[in-house]
Amino acid sequence: MSEITAPVSSRKIRFDDSFESFSRLWNLILDSRNRISSTRSRVIAKWRLFPPEIIFSMGATPYDLLLHEGLVTTKDDEINTSKYAIEAGLSADCCPWNLSAVSKILSKENDSDIDMFLAAAGFCDMSSKSWQTMARRIGKPFYSIEIPPFNFESENNAVSFILQELSSMFNRLSRRRGYKFSEERLLEEIKKGNYIRNLLSDITEFLSTQSVPVSALEYFLIQASAGDYLQDPDITGPILNRIKTEIESRNKNGETAPGIQDGATRIYFVGMAPQQLGFWNLIEDCGGVSVGCDTYLSLFYELIPEHTNVQKELAKWIWRMPHNIPSIERSKILTSYIKKQNPDAVIIGNLVGCRNFSQSDRIVKETIREELGIPVTSLELGASDEDITLLEPHIRSLIDMCK
Ligand code: SF4
């Protein structure tokens, strides 16, 4: 394992430097900001869990704005804070992902590479508001697509509604942007996305084994590539495939990733991840091992059917995305995914300023406890390295309890 001192946050981040195929993915993540400035297609800033193939099918490049502008990876990022976001009218109580992403975009107000802001209203209203604020300040279009919340009894109406939302988005953008929608192009992009979905599911499955072959930090970043396929599924897909092959070979040899202690407590993480990557190292430093997390699970929870009626299938898939399902049902569905990973304990992350998960925290906690009979704890995730370091006793006591 190597301790990298740059580019990192002030807390040293430890990478597994024997994991050769991963370094290419990490470089792609770090280079995303530069890549969008050189792309010839339009760049559409998307909310984290909006399926990227929709944007690719419009001949544009998706940009997972919270990931690329919100992740704390360099010392420069520490200047982010919230200055520009608050000046633009966002509340200081907003979640740190939105505060830093908005601040970074507005700090280069006259020099932004983003051509349009696309929000998915219905789940994260805070992000919709941020997107609107950024669009207004830098004079770029804002478009919002509404997703009704999941309800078993309203499938037909909800799917028709999403279908209409998708069609009107395709029509409106076609008119404004001179792009022509085609079902074939959408299907082609969905197939590329499904290839990545399959790889992410396979990689996740390896974490369910006794000797976990991937460290927590690397797994989180691998999963995060689902946000926008790092601007090019034709590049990211083959890299993920190489990652899978390397993990598979470790698995065949019964190898555990470096840094994971013998008999480590198996932890599943639920909720929005903190911005500080050091959090993932902390799980291992405390004697745990990450066996999965659901931050981006909604994007690869299952494949999008590759049928002829592609828009309708996509609408159904969007409606059933786990984050769109109300608390009780979501907890039950989530529990079935968690169970597959054989955890000893579950950590629920409550990010400061995020109301979406804290409201359902108790229900999720009780359901997981009842269904799996394992310890579940909630962590209040702050916005600084110091906040993350303060979590150590809490994580340690959870892990000690499981031994
Ligand atoms: S942390 Fe919460 S408020 Fe922030 S982007 Fe995620 S869901 Fe939205």
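Residues numbered from 1 in each chain as written. Predicted model: local features only at pLDDT ≥ 70, side-chain atom pairs only at ≥ 80, totals over all residues.

Novice: Break down the site of the ligand for me, citing the residues and quoting the values.
Specialist: The environment of the ligand is formed by Leu66, Cys95, Trp97, Asn98, Cys124, Met126, Ser127, Met272, Leu351, Cys354 and Asn356. Listed by contribution, the elements that provide at least two residues to the shell around the ligand are helix H5 (96–107) and helix H6 (125–138). Of the residues assigned to the shell around the ligand, the class counts are eight nonpolar, three polar and no charged. Structurally, the shell around the ligand is a two-domain feature, drawing no fewer than three residues from each of domain 1 (2–182) and domain 2 (184–402). (Near = placed C-beta within 6 Å. Helix = DSSP H or I, 4+ residues; strand = E, 2+ residues; numbered from the N terminus. Nonpolar A, V, L, I, M, F, W, Y, C, P; charged D, E, K, R; others polar. Domains from an automatic or database assignment.)

Novice: Got a sec to walk through the environment of Glu366? Specific residues and values, please.
Specialist: Inspection of the secondary structure puts Glu366 in helix H15 (residues 361–372). Judged by the 13 C-beta atoms lying within 10 Å of it, Glu366 falls in the partly exposed class. For the pair formed by Glu366 and Asn281, sequence separation is 85 residues and the distance between their alpha carbons is 27 Å. (Buried ≥ 20, exposed ≤ 12 C-beta atoms within 10 Å, placed from the backbone.)

Novice: Describe the sheet that holds strand E6 (residues 142–146), naming the residues involved and giving the relevant values.
Specialist: With respect to topology, four strands assemble into an open sheet ordered E4-E3-E5-E6, the strand pairing being parallel. One side of each edge strand has no neighbouring strand; the edge strands of this open sheet are strand E4 (61–64) and E6. The average angle at which neighbouring strand axes cross in this sheet is 30°, direction not considered. Bridge count for strand E3 (residues 43–46) against strand E5 (residues 116–121) is three bridges, and the pairing is parallel. Its bridge partner being in E5, Ala45 is matched across the sheet by Phe117. The strands touched by H6 are E3, E5 and E6; relative to E5, the strand with the most contacts, the crossing angle is about 160°. (Pairing = 2+ DSSP bridges. Axes fitted to C-alpha atoms, helices over the stretch in contact; angles between N-to-C directions. Contact = placed C-beta atoms within 7 Å.)

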